[in-house]
Amino acid sequence: MNEPNDEKLISTLEHYHPRPGARFEQRMASAPWNQKQRSPRRSSLRGFAVGLAAFLMAVTALSLSIPSVRAAVMRYLGLNISASETVTNPAIPAESLVDSPKVSEISTLAGWNIKTPTWLPAGYQFRDAYYDTANQMVLLTFTATRPLPGNDPTMTETRTITLIQALNNRLLPLTVAPAAQILDVTINGLPAAYAMGAWENDAATGTATWNSAYDLKNVYWQMDSIYLALNTSDALVSQEDLLKMAESIE
């Protein structure tokens, strides 16, 4: 991946403002659809603007199909995409994790006001918060316990929604893999990405490989200087539920 060239492409598209020449305007003025118009210059310019818009849309669609350009655009939107499907995933020392039921305590440790949702899917409630001191990353967990099919009330299952936030989006839980099928979405007007899949860890090699077939829903976005990711494997929590929960985060 040639990151400088990717950034140069984005800069080129941002500052691309072509203007029609005199010969182009003359051809447009003599076009059949302009013969009855009183202002051929205005019509030709209008036609040029429509054509230019279509051209830029086509260029954008084509560019986003190129992995390296896609990665550059994701970075431009404040999101991160890994260089490959397998990345280094060092183990987090147990002593670097601080577990607390109080978000205020974690906020003090992290150095910023931890962002929390005001809306949760049915049955969910806040469970606890973790702070990874080694990576300056916060993880909030929300759980829902439901009875399993059958008549035994003691048989239940617990599902989890995890909210991750950090000042650095290069951390693995906040990274999108090139193979991920990414859907561009917005959260309260901010650019975001939705993807299915998960990083599968290999403790023996200290690496993690992206698996798009893994049934984990992920939303990635940024608020101010904080990068966030929201995910769950709960089949009863839809993409719409995750986005609604993300939009309620303060």
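Overview of the structure. These numbers come from a predicted model, not from an experiment. (Residues numbered from 1 in each chain as written. Predicted model: local features only at pLDDT ≥ 70, side-chain atom pairs only at ≥ 80, totals over all residues. Heavy atoms only, no water.)

Comments concerning the overall build of the protein
Okay, so step 1: When helices and strands are tallied, the protein shows six helices and 13 strands.
Okay, so step 2: By the burial criterion, 37% of the 250 residues in the protein qualify as buried.
Okay, so step 3: Total accessible area on the protein stands at roughly 14500 Å², and carbon and sulfur atoms take up 55% of it. (Helix = DSSP H or I, 4+ residues; strand = E, 2+ residues; numbered from the N terminus. Buried < 20%, exposed > 50% of the residue type's maximum accessible area, 1.4 Å probe, protein only. Areas by Shrake-Rupley, 256 points an atom, 1.4 Å probe, with all protein chains shown as cover.)

Quick look at the pattern of salt bridges
Okay, so step 1: With the rule as written, the count across this model stands at three salt bridges.
Okay, so step 2: Between Arg 146 and Asp 234 there is a salt bridge; the shortest N-O distance is 2.4 Å. Separated by 88 residues along the polypeptide, Arg 146 in strand E5 (residues 137-147) and Asp 234 in the loop between strand E13 (226-232) and helix H6 (239-247) bring together distant segments of the chain. Like Arg 146, the residue Asp 234 is buried in the burial classification.
Okay, so step 3: When the shortest N-O distance is used, the salt bridge between Arg 159 and Glu 157 registers 3.9 Å.
Okay, so step 4: Residue classification places Arg 159 among the partly exposed residues on the basis of a relative accessible area of 22%. (Salt bridge = Lys/Arg side-chain N within 4 Å of Asp/Glu carboxyl O.)

Some words on the sheet that holds strand E10 (residues 198-202)
Okay, so step 1: Taken together, three strands build an open sheet; the order of strands is E2-E11-E10 and the sheet is antiparallel. With partners counted over all chains shown, the strands left at the sheet margins are strand E2 (86-88) and E10, one partner each. Each strand of the sheet is rotated relative to its neighbour by a mean of 30 degrees, with strand direction disregarded.
Okay, so step 2: The pairing of E2 with strand E11 (residues 207-211) spans three bridges and is antiparallel. If you follow Thr 86 over to E11, its bridge partner there is Thr 209. (Pairing = 2+ DSSP bridges. Axes fitted to C-alpha atoms, helices over the stretch in contact; angles between N-to-C directions.)

Remarks on unusual backbone geometry
Residues other than glycine predominantly adopt negative phi, and peptide bonds predominantly adopt the trans conformation.
Okay, so step 1: Phi is positive for Gln 136, which is not a glycine, with a value near 50 degrees.
Okay, so step 2: When you line up the elements, Gln 136 lands in the loop between strand E4 (125-132) and E5.
Okay, so step 3: Note on Gln 136: relative accessible area 41%, which makes it partly exposed.
Okay, so step 4: The phi angle at Asp 224 is positive, at roughly 55 degrees, despite the residue not being glycine.

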